[in-house]
Structure formats: C-alpha cells, structure tokens
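Coordinate inspection notes
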Amino acid sequence: DGGWMWQLPFDNGVTSVGIVLDADKYPLESNRRAEDEWAEQLERYPSIARQLMTAKLVAPERVVRTSRMQRFEETIADDDWALLPNTAGFIDPLHSTGIAHSLCGIELLADCLTQFEGPERTDQLALYSKRVRQALTHIDELMRACYLSLSSFRAFAASTMMYFAAATTFERRRLEANDIRSGAFLCADEEWEIPFGWLASHQTDMEERAEEYEQLVMQCIDRYNHVGLMNPSLNNMYSATALPE
C-alpha cells in the first residue's frame, strides 16, 4: 500500500534491496532517521523481515534514504552537447527502464555524431531531444497507471501489461526496421489510451471491478500485444516474451 520493494541480486553475492514509497502517503520527515523508517517497514511486513534476518549491510554500511527521485531537465540537447536519458530525467525504478533507455540514447547519439555534421547534426540532436522527452513522459504515464492500481493486485498486474506490450513491440519493430531513428523508446511517440479516468473513479472498488479494468487494458494494448499478454490461462506467468529467432 503506497509503495513497492526491489531486490536485485548480483554475481558477487550482494543484493541491492530498497523500498520506494509514495510521498503522499509517507511524507518525508527530515528529523526522522532512515534506519527507523526502514525498521517500520520491516515491522509491517514480517515475511520480509525474516528474509533479511541474516543479511548485513555493505557499501554503504548503513541504511540510506533519498528525497524525491523524479527529475526532468528542461533542455536535453543543443547544438554541441546532449544529456543521456538517465541524466535528462528519471521517473521511477519500477519497470527498470533506465539501462535500456540509456542504451537507446547512446545509440542515437553515436549515430548523430558519426553520420551527421553542421545543420543536419543540429536537426538530429533536436530529434534526439524530442525522443528522450517523449519516452520519459510515456514512462511517467505507465508508472502512474501502476501506482493508481496498487490497491488491487489484479488491477496492478493488468497495468504492468501496458509496459510489457510497449517493450516487446519496440524491440520487435527496432529489429525489423533496422533503423534506430524509426520510433521512440517504448513506442512513446504514439497515442496510448491508458484508462486513467477509470482508475481515478474506482479507487475504492477496484478489486471488485478489476475484470472491467482488464478489458480496458486489453483494448489499450491490442495493437501492441504480439506475445500473448493477458492470457487468463497463464496466471500472469509467461515462459517467453522475447522476439522470435
């Protein structure tokens, strides 16, 4: 309720663990220790506390807390410089979009700097800036739908499908077109009819009416659903959603 947790294991035995909290439900209190806030969350979820019972803090050897994570730079590129996507803006770690978005940005910039000069390069940097802005705005909308769905697991699962539909479609199109300038990351340059109105109207009865929301999401992703998302018989478990070989 009002947040989610990540656990990312690395090959060296260290696992990155953290909790993202909704600032409206858990306002940041400057005089409160990060350790106390962490302990409160573990108390709310005993299963997580048991899981981390034998864990020890490394690099850094203390609990750390950030302020608001979201940021969005007004100017992303100009005639002779450009920000990488993760520097230009950040929304939320929920869908782990940062690495993929940065790689797409590097690809565009490398092409711009090696293939274009003069006014053409300026035009390509403007296109890069537009693409990054479109993607960050789209990621923000995909995240918003998930956060508005947190009161119902079934609705939340449906909301995540919009991201997976966007990701798999972008990957497929990128491979088929073989043109890095053919479209924005996560199909962000297209119109997405995300049912925000329904989500706003059903915050109190979302679980009871989750099936209705699922139908709206299925309509939203219909033209992007190439991998069989939202198949009721699979119970949200997909053995493969990668591109065909």
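Preceding this section is the structure that the text describes.
This write-up is about the structure you can find in this document. All figures in this text were calculated on a predicted structure; none of them were measured in a lab. (Residues numbered from 1 in each chain as written. Predicted model: local features only at pLDDT ≥ 70, side-chain atom pairs only at ≥ 80, totals over all residues. Heavy atoms only, no water.)

Within the protein chain one finds eight helices and six strands. Counted from the first residue to the last, the protein chain has its helices and strands arranged as β-β-α-α-β-β-β-α-β-α-α-α-α-α. Its C-alpha atoms put the protein chain at 60 × 45 × 35 Å along the principal axes. Buried residues in the protein chain amount to 36% of all 245 residues. Taking as baseline every contact in the protein chain between residues at least 6 positions apart, the subset at least 24 positions apart corresponds to 61%. Where the 22 positive side-chain charges of the protein chain centre and where its 39 negative ones centre are 3 Å apart. (Helix = DSSP H or I, 4+ residues; strand = E, 2+ residues; numbered from the N terminus. Buried < 20%, exposed > 50% of the residue type's maximum accessible area, 1.4 Å probe, protein only. Contact = heavy atoms within 4.5 Å. Lys, Arg positive; Asp, Glu negative; His and termini not counted. Charge placed at Lys NZ, Arg CZ, Asp CG, Glu CD.)

In this structure, proline 119 sits in helix α5 (residues 118-148). Between the alpha carbons of proline 119 and aspartate 79 there is a distance of 8.8 Å; along the sequence they are 40 residues apart.

In this section: a nonpolar patch on the surface. Among the surface-exposed residues, Leu8, Phe10, Val14 and Val58 lie close enough to one another that they form a single nonpolar patch of about 320 Å² accessible area. Here phenylalanine 10 shows up in the loop between β1 (3-9) and β2 (15-21). (Patch = residues over 30% accessible without salt bridge, like charges linked within 9 Å, V, L, I, M, F, W, Y side chains within 5 Å. Areas by Shrake-Rupley, 256 points an atom, 1.4 Å probe, with all protein chains shown as cover. Salt bridge = Lys/Arg side-chain N within 4 Å of Asp/Glu carboxyl O.)

Looking along the chain, the bond that leaves alanine 59 and enters proline 60 is cis, with omega of 0 degrees. Looking at the secondary structure, you find proline 60 in the loop between α2 (46-51) and β3 (71-72). A positive phi angle, near 40 degrees, is found at alanine 59, a position not held by glycine. The residue methionine 230 is not glycine, and still its phi comes out positive at about 65 degrees. With respect to the secondary-structure elements, methionine 230 resides in the segment after α8 (210-221).

Under the defined criterion, the tally for this structure stands at five aromatic pairs. Ring centres of tryptophan 192 and tyrosine 224 lie 4.1 Å apart, and the angle between their planes is 5 degrees; this geometry places the pair in the stacked category. With tryptophan 192 in the loop between α6 (153-177) and α7 (196-201) and tyrosine 224 in the segment after α8, this residue pair connects regions lying 32 residues apart in the sequence. Accessibility classification places tryptophan 192 together with tyrosine 224 in one group, the buried group. Above the ring of phenylalanine 196, the side-chain terminus of arginine 144 is found at 4.1 Å from the ring centroid. (Phe/Tyr/Trp six-rings, centres within 6.5 Å; stacked < 30°, edge-to-face > 60°. Lys NZ or Arg CZ within 6 Å of the ring centre and 35° of its normal.)

Once that is clear, we can look at the pattern of salt bridges. The final tally for this structure, using the stated rule, is 10 salt bridges. The closest approach of N and O atoms between arginine 173 and glutamate 190, which form a salt bridge, is 2.3 Å. On the criterion of sequence distance, the pair formed by arginine 173 in helix α6 and glutamate 190 in the loop between α6 and α7 is long-range, its members being 17 residues apart. In this structure arginine 173 comes out as partly exposed when scored by relative accessible area, which is 33%. On the basis of relative accessibility, which here comes to 24%, the residue glutamate 190 falls in the partly exposed class. Shared partners join several salt bridges into a network, and the residues in it are Arg173, Glu190 and Arg223.

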